[in-house]
Amino acid sequence: MITTPNKYFPIEIHTRVPLLHWGPKNLIFDIFLNLMGKSWATGDYMNLLNKNRLLKLMKHTNARNYKIIKNRFLGMTMTFTVIWWEDNLPEYKS
């Protein structure tokens, strides 16, 4: 089981900064995070996923039996949780 933030949720979960992750990933992004004391989130750290990208990654891993759960906050998908299991259980994809 893994959980990853939704790229389209308005607040980036790790940094708790609203809307910054929706803009271009550039020097301003990193400078802003450094000024906020969140230098650990700069550089190549941010690689947020949407559901389509998550589905492509699961396909790339050849996973057949998995479920993607949308964890919601105020009606918006905040994070995705992926659960996968062995081949001998019933097949299910969301």
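As the structure is a prediction and not an experimental result, all values here were calculated from the model. (Residues numbered from 1 in each chain as written. Predicted model: local features only at pLDDT ≥ 70, side-chain atom pairs only at ≥ 80, totals over all residues. Heavy atoms only, no water.)

**Let's talk about the pairing of strand β4 (residues 66–73)**
For a regular strand, the rule is simple: side chains alternate between the two faces of the sheet.
Next, step 1: In terms of strand pairing, β4 meets strand β5 (residues 76–84) through eight bridges, oriented antiparallel. Within the sheet, the bridge partner assigned to Lys70 lies in β5 and is Phe80. (Pairing = 2+ DSSP bridges. Helix = DSSP H or I, 4+ residues; strand = E, 2+ residues; numbered from the N terminus.)

**Here we look at helix α2 (residues 51–60)**
Next, step 1: With a side-chain oxygen lying 3.2 Å from the backbone nitrogen of Asn52, the N-terminal cap of α2 falls on Asn50.
Next, step 2: Just past α2, the residue Asn62 takes up positive phi, approximately 65 degrees. (Polar contact = N/O pair within 3.5 Å; in protein donor to acceptor, adjacent residues only side chain to side chain.)

**Some points on the layout of surface pockets**
Next, step 1: The volume enclosed by the largest pocket comes to roughly 200 Å³.
Next, step 2: Lining the largest pocket we find Lys7, Tyr8, His21, Trp22, Gly23, Pro24, Lys25, Phe29, Met46, Asn47 and Leu48.
Next, step 3: Residues of the lining of the largest pocket, tallied by class, amount to six nonpolar, three polar and two charged. (1 Å grid on protein atoms, 1.4 Å probe; cavity = no way out; pocket = protein on both sides within 12 Å on 5 of 7 lines; lining within 4 Å. Points joined across faces, edges and corners; volume = space filled by probe spheres on them. Nonpolar A, V, L, I, M, F, W, Y, C, P; charged D, E, K, R; others polar.)

**Topic: the confidence of the model for the chain**
As a note on interpretation, predicted positions should not be read in detail where pLDDT is low.
Next, step 1: Looking at the chain as a whole, its pLDDT mean stands at 86, while 93% of the residues score no less than 70.
Next, step 2: Per-element averaging of pLDDT across the chain places helix α1 (residues 27–35) at the bottom with 84 and β4 at the top with 96. (pLDDT = per-residue confidence, 0-100.)

**Focus on the side chain of Thr4**
Next, step 1: Take Thr4: it is sitting in strand β1 (residues 2–5).
Next, step 2: For Thr4, a relative accessible area of 14% translates into the label buried.
Next, step 3: Once residues lying within four places of it in the same chain are set aside, the contact partners of Thr4 are Leu49, Leu54, Thr79 and Phe80. (Buried < 20%, exposed > 50% of the residue type's maximum accessible area, 1.4 Å probe, protein only. Contact = heavy atoms within 4.5 Å.)

**Overview of unusual backbone geometry**
Next, step 1: Phi at Leu19 takes a positive value of approximately 65 degrees, unusual for a residue other than glycine.
Next, step 2: Topologically, Leu19 is positioned in the loop between β3 (17–18) and α1.

**Here we look at α1**
Next, step 1: Listing the buried residues of α1 in full gives Phe29, Asp30 and Leu33. One side of α1 carries all its buried residues, which in axial view fall inside an arc of 95 degrees. In α1, the exposed positions that point more than 90 degrees away from the buried face belong to Leu27, Ile28 and Leu35.
Next, step 2: Among the structural elements, β3 are those in contact with the buried residues of α1.
Next, step 3: Remark: Gly37 follows α1 within two positions and exhibits a positive phi of approximately 80 degrees. (Arc of directions from axis to C-beta.)

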